Amino acid sequence: MKIALLGYGKMGKVIERIALERGHEIVLRKDEFNTYDALSAADVAIDFSVPSAAVDNISASFNANVPVVSGTTGWLEHFDEMIALCNEKKGGFISSSNFSLGVNIFFGLNEYLAKIMNQFDSYKVTMEEIHHIHKLDAPSGTAISLAQGVIQNSNYSNWTLDEAKKGEIHIEAKRIGEVPGTHTVNYDSAIDSIEIKHTAHNREGFALGAVIAAEWLAGKQGIFTMKDVLNLQ
């Protein structure tokens, strides 16, 4: 399979190594210094760039009739626009805040726990996410996905980085050293606490999941999620 890497930073280089190890060919390593000319030769594109470049990368892929897997976060105000373009071009698209296989299992566990805890008003949910100091957006896309998972399965209606009001989930975002990513969901009451936590040890899990998603998406049309890729429905 021929892959275009849209974004060639630390994550892009890890994805490149894993893709090559799995027998794929890299036809484009897109950064700010080159063009999209080779994009049309790809079977699938993988976008791990920065928020300011993501929309251009995704748009270029759809316009070149190349399905795209995007792991960039911080650009979701344009998400509906990209969905519309994908449908217009009959493209293929997977966008996820986190491609780690473990995190996607964690998402499912989070949703299941939220359904249970919604029966007990004595517990208040809060979240914490910790990432490296280079991460540009806060809270992380993964933390937002976790909050949305709770909101969809409970009486909570919103999340906030500020002090939570009634119906809001407080997310504490920390930027420390080179931490790849740690996410904690905590249910606290006056008598006890229940906590679930996912800790990434390195970037390998994110990169492997993105390559697996790209392998699955190649040749497909439509809007998909990691639940489709991993059959977690």
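Anything mentioned here points back to the structure above.
The shown structure was predicted, so the numbers you read here are calculated from the model rather than taken from an experiment. (Residues numbered from 1 in each chain as written. Predicted model: local features only at pLDDT ≥ 70, side-chain atom pairs only at ≥ 80, totals over all residues. Heavy atoms only, no water.)

*Asks:* In this structure, what is going on with helix α5 (residues 141-151)? I would like to understand it.
*Replies:* Residues spaced three or four apart along an α-helix point in a common direction, a consequence of the helix completing one turn every 3.6 residues. Counting buried positions over the eleven residues of α5 gives eight, a clear majority of the element. Burial in α5 covers these residues: Gly-141, Thr-142, Ala-143, Ile-144, Leu-146, Ala-147, Gly-149 and Val-150. Taken together, the buried residues of α5 touch α4 (101-117), β6 (124-131), β7 (158-160), β8 (168-175) and β9 (182-188). (Buried < 20%, exposed > 50% of the residue type's maximum accessible area, 1.4 Å probe, protein only. Helix = DSSP H or I, 4+ residues; strand = E, 2+ residues; numbered from the N terminus. Contact = heavy atoms within 4.5 Å.)

*Asks:* Can you walk me through the packing of helix α1 (residues 10-21) against helix α6 (residues 204-217) in this structure?
*Replies:* At a minimum axis distance of 9 Å, the contact between α1 and α6 shows a crossing angle of 60°. Viewed along their axes, α1 and α6 adopt a mutual orientation that is oblique. The chirality of how α1 crosses α6 is right-handed. Contacts between α1 and α6 pair Met-11, Val-14, Ile-15, Arg-17, Ile-18 and Ala-19 from the former with Glu-204, Phe-206, Ala-207, Leu-208, Ala-210 and Val-211 from the latter. Considered class by class, the residues forming the contact of α1 with α6 number ten nonpolar, no polar and two charged. (Axes fitted to C-alpha atoms, helices over the stretch in contact; angles between N-to-C directions. Parallel < 35°, antiparallel > 145°, perpendicular 65-115°, else oblique. Left-handed = near helix turned anticlockwise from the far one by under 90°. Nonpolar A, V, L, I, M, F, W, Y, C, P; charged D, E, K, R; others polar.)

*Asks:* What is the right way to look at empty space enclosed by the protein in this model?
*Replies:* Space left empty within the atom packing is revealed by a probe, the size of a water molecule, rolled over the atoms. The tally for this structure, following the rule as stated, stands at one cavity of 30 Å³ or more. Its volume calculated, the largest cavity comes out at about 30 Å³. As for the largest cavity, its lining consists of Met-127, Glu-128, Glu-129, Ala-143, Leu-146, Ile-171, His-183 and Thr-184. At the level of elements, β6, α5 and β9 are the ones that each hand at least two residues to the lining of the largest cavity. Ranked by residues supplied to the lining of the largest cavity, first place goes to β6 with three residues. Residues that form the lining of the largest cavity fall into these classes: four nonpolar, two polar and two charged. (1 Å grid on protein atoms, 1.4 Å probe; cavity = no way out; pocket = protein on both sides within 12 Å on 5 of 7 lines; lining within 4 Å. Points joined across faces, edges and corners; volume = space filled by probe spheres on them.)

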